[in-house]
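Tertiary structure, described
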Amino acid sequence: MPSSEPMVPYTRDGSTVATWMPVSQCLQQSRIIMVGKFIDEEYANQLIAMLLYHEKNDPNKKISLYFNCPGALIRPALAVYDTLMHMGPELSTLNLGLATGMVSFLCAAGKRGQRYALPNSRFLMQRTGMEDPYQGQASDIGVEVQNVMRGNSKMEEALQRITGHTVAKIHEDFQRDFYLSSAEAVQYGIIDEVLLPREKTRQDMYKERGIMGGPRVLNDEPDFGTFGGEGQRYGDKTGGGWGGGGGVSDDGPAAA
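Per chain, the residues get numbers from 1 upward, laid out in the order the sequence is written. pLDDT decides what is reported in this predicted model: residues at 70 or higher carry local features, side-chain atom pairs at 80 or more are listed and counted, and totals for whole chains, interfaces and linings draw on all residues regardless. With hydrogens and water stripped out, all remaining heavy atoms of the structure feed into the side-chain values.

Going by the annotation in an unreviewed UniProt entry, the name recorded for the chain is ATP-dependent Clp protease proteolytic subunit, with Ectocarpus siliculosus given as the source organism.

Given below as structure tokens:
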């Protein structure tokens, strides 16, 4: 198995020569940021730097965040969240596979109407505990515990503004690991839509052969890396367990 990131050819605008670059950097040319590692202080700084770079490069063009991430430390995740809230460009989020803990919270922080998940993705909502084995005086450990509790409270308050649920309900739900399917996440208010598979035919995938025939060539993909297809809304379903008709309306509170 390769130990490094795959390299792919990429042709820059105005150039006729393709250069090889890591696939994540190639996606970033389309303003798509893949979030696939545990978010600690170092990785959070990298994400923040990428977001600020894209905002400076074009403050009016949408940025997409694709998540398949095993979790995050609470303070670095809150730093990324605060950055998202101050960004000028529209922010789209998509859960590709699993969003754990604070990563589910970051999925919910996208622009309302542009928060998505794939059909088989999962959300694991949970409170975050102590970041590392903590040593010191009992009073210092107590101070650290209070700081962690304060960070979890900030997350619950932000989710209250995003989903419309009460803080008491969110706190109760998060007492244990709280799994949501993509459809249940729509009903809970974490995302807006589940993206169903896009129909493609052979004719859609390949360019027409020229007069002289020749090998089949795939169509150009100007939307490299983007997901499409029919959006399926689940929020208007009743009896699903989360929200149903009693949750937040489509014009409900936007992400704070």
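1. Observations concerning the overall build of the chain
We count it as follows: Strands are runs of DSSP state E lasting at least 2 residues, helices are runs of H or I lasting at least 4, and numbering of each runs from the N terminus. Accessible area is worked out with a 1.4 Å probe on protein chains only. A residue is then buried under 20% of its type maximum, exposed over 50%, and partly exposed in between. Contact between two residues is taken to exist if any of their heavy atoms lie within 4.5 Å; hydrogens are not considered. Exposure was quantified through the Shrake-Rupley algorithm and a 1.4 Å probe, taking into account, for residues, occlusion by the shown protein chains and nothing else.
Helix and strand content of the chain: eight helices and ten strands. Expressed as a percentage of the 256 residues in the chain, the buried residues total 38%. Long-range pairs, those at least 24 residues apart, make up 67% of the contacts in the chain between residues at least 6 apart in sequence. Surface exposure of the chain reaches about 14600 Å², of which carbon and sulfur atoms provide 51%.

2. Observations regarding unusual backbone geometry
Most peptide bonds take the trans configuration, and most residues that are not glycine carry a negative phi. A positive phi angle is found at R31, which is not glycine, with a value near 60°. As for its position among the elements, R31 is in the loop between α1 (23–28) and β3 (32–35).

3. Brief notes about the packing of aromatic side chains
Using the following cut-off: Aromatic contacts are taken between Phe, Tyr and Trp rings whose centres are within 6.5 Å, Trp giving its six-membered ring; a plane angle under 30 degrees counts as stacked, one over 60 as edge-to-face, and the others as tilted.
For the structure shown, the criterion picks out three aromatic pairs. Judged by centre distance (4.5 Å) and plane angle (35°), the rings of Y81 and F105 are tilted. Highlighted residues: Y81 in helix α3 (residues 74–85) and F105 in helix α4 (residues 102–107), separated in sequence by 24 residues. The exposure classification of Y81 matches that of F105, with both residues buried. Of the aromatic side chains, those joined through ring pairs into one cluster are F174, F178 and Y188.

4. As for the nonpolar core
The nonpolar side chains of a soluble globular protein tend to be buried with one another. What counts is decided by this rule: Within this scheme, the nonpolar core is defined by two criteria: the residues are buried Ala, Val, Leu, Ile, Met, Phe, Trp, Tyr or Cys, and they are joined through side-chain atoms within 4.5 Å.
With 47 residues, the main nonpolar core has V35, I39, F123, L159 and I190 as its most contacted residues. Leave out the neighbours within four places in its chain, and I190 touches S104, C107, A108, R115, F123, M125, L159, T163, L180 and A185. Core analysis: the second largest hydrophobic core is formed by seven residues, L27, I32, L94 and L118 among them.

5. Focus on α3
For clarity, the cut-off: How far a helix is expected to stretch is found by multiplying one less than its residue total by 1.5 Å.
The end-to-end C-alpha distance of α3, which contains twelve residues, comes to 16 Å, matching closely the 16 Å that a straight helix rising 1.5 Å per residue would cover. Of the surrounding secondary structure, the elements contacted by the buried residues of α3 are α2 (41–57), β4 (63–69), β5 (91–100), α4 and α5 (138–163).

6. Side note on the packing of α3 against α5
Our working definition: Interaxial angle, 0 to 180 degrees, is taken between N-to-C directions of lines fitted to C-alpha atoms, where a helix line uses only the stretch in contact. Should the near helix be turned counterclockwise from the far one by less than a right angle, the crossing is left-handed, whereas a clockwise turn marks it as right-handed.
Packing of α3 against α5 brings their axes to within 10 Å, and their N-to-C directions diverge by 35°. The element α3 and its partner α5 pack so that their crossing is left-handed. Each of I74, R75, L78 and Y81 in α3 lies in contact with α5, whose residues at this interface are E144, N147, V148, G151, N152, A158 and R161.

7. Digging into α2
Where we set the bar: As used here, the arc belongs to the directions running from the helix axis to the C-beta atoms.
Its 17 residues place the ends of α2 24 Å apart at the C-alpha level, agreeing with the 24 Å of an ideal helix rising 1.5 Å per residue. For α2, the complete set of buried residues consists of Y43, A44, L47, I48, M50, L51 and H54. For α2, the angular spread of buried residues about the axis comes to 160°, placing them on one side. Of the residues in α2, the exposed ones pointing more than 90 degrees away from the buried face are E42, N45, Y53, K56 and N57.

8. A closer look at the state of the cysteines
Note the threshold: The disulfide definition used here is simple: a pair of cysteine sulfur atoms within 2.5 Å.
One pass over the structure, following the stated rule, counts zero disulfides. Among the cysteines around C69, which has no disulfide bond, C107 carries the closest sulfur, lying 8.8 Å off. Judged by relative accessible area, which is 2%, C69 ranks as buried.

9. Considering the confidence of the model for the chain
In plain terms, the rule: Summary of the metric used: pLDDT quantifies the predictor's per-residue confidence within the range 0 to 100.
Chain-level pLDDT for the chain is 79 on average; 73% of the residues reach the 70-or-more range. Per-residue pLDDT stays below 50 along residues 231–256; that stretch engages in 48 contacts with residues further than four places along the chain or on separate chains.

10. Comments concerning the packing of α2 against α3
To keep things clear, this is the line we draw: What sets the label is the angle itself: under 35 degrees gives roughly parallel, over 145 gives roughly antiparallel, 65 to 115 gives roughly perpendicular, and the rest give oblique.
Packing of α2 against α3 brings their axes to within 9 Å, and their N-to-C directions diverge by 10°. By the criterion of interaxial angle, the relationship of α2 to α3 is roughly parallel. Along its contact with α2, which presents E41, A44, I48, L51 and L52, the element α3 presents P76, A79, V80, T83 and L84.

11. Remarks on the pattern of salt bridges
Note the cut-off: We define a salt bridge as a contact between a side-chain nitrogen of Lys or Arg and a carboxyl oxygen of Asp or Glu at a distance within 4 Å.
Under the defined criterion, the tally for this structure stands at two salt bridges. Across the pair R115 and D192 runs a salt bridge whose closest N-O atoms are separated by 2.8 Å. With R115 in strand β6 (residues 115–117) and D192 in the loop between α7 (182–188) and β9 (193–195), this residue pair connects regions lying 77 residues apart in the sequence.

12. Some remarks on the pairing of strand β1 (residues 7–11)
Just so we agree on the cut-off: For two strands to pair, DSSP has to find at least two bridges joining them.
Bridging between β1 and strand β2 (residues 18–22) involves five bridges; their strand directions are antiparallel. Within β2, the position partnered with T11 by the bridge is A18. Taking the residues between adjacent antiparallel strands as the criterion, β1 and β2 are bridged by six residues, where G14 takes a positive phi near 80°.

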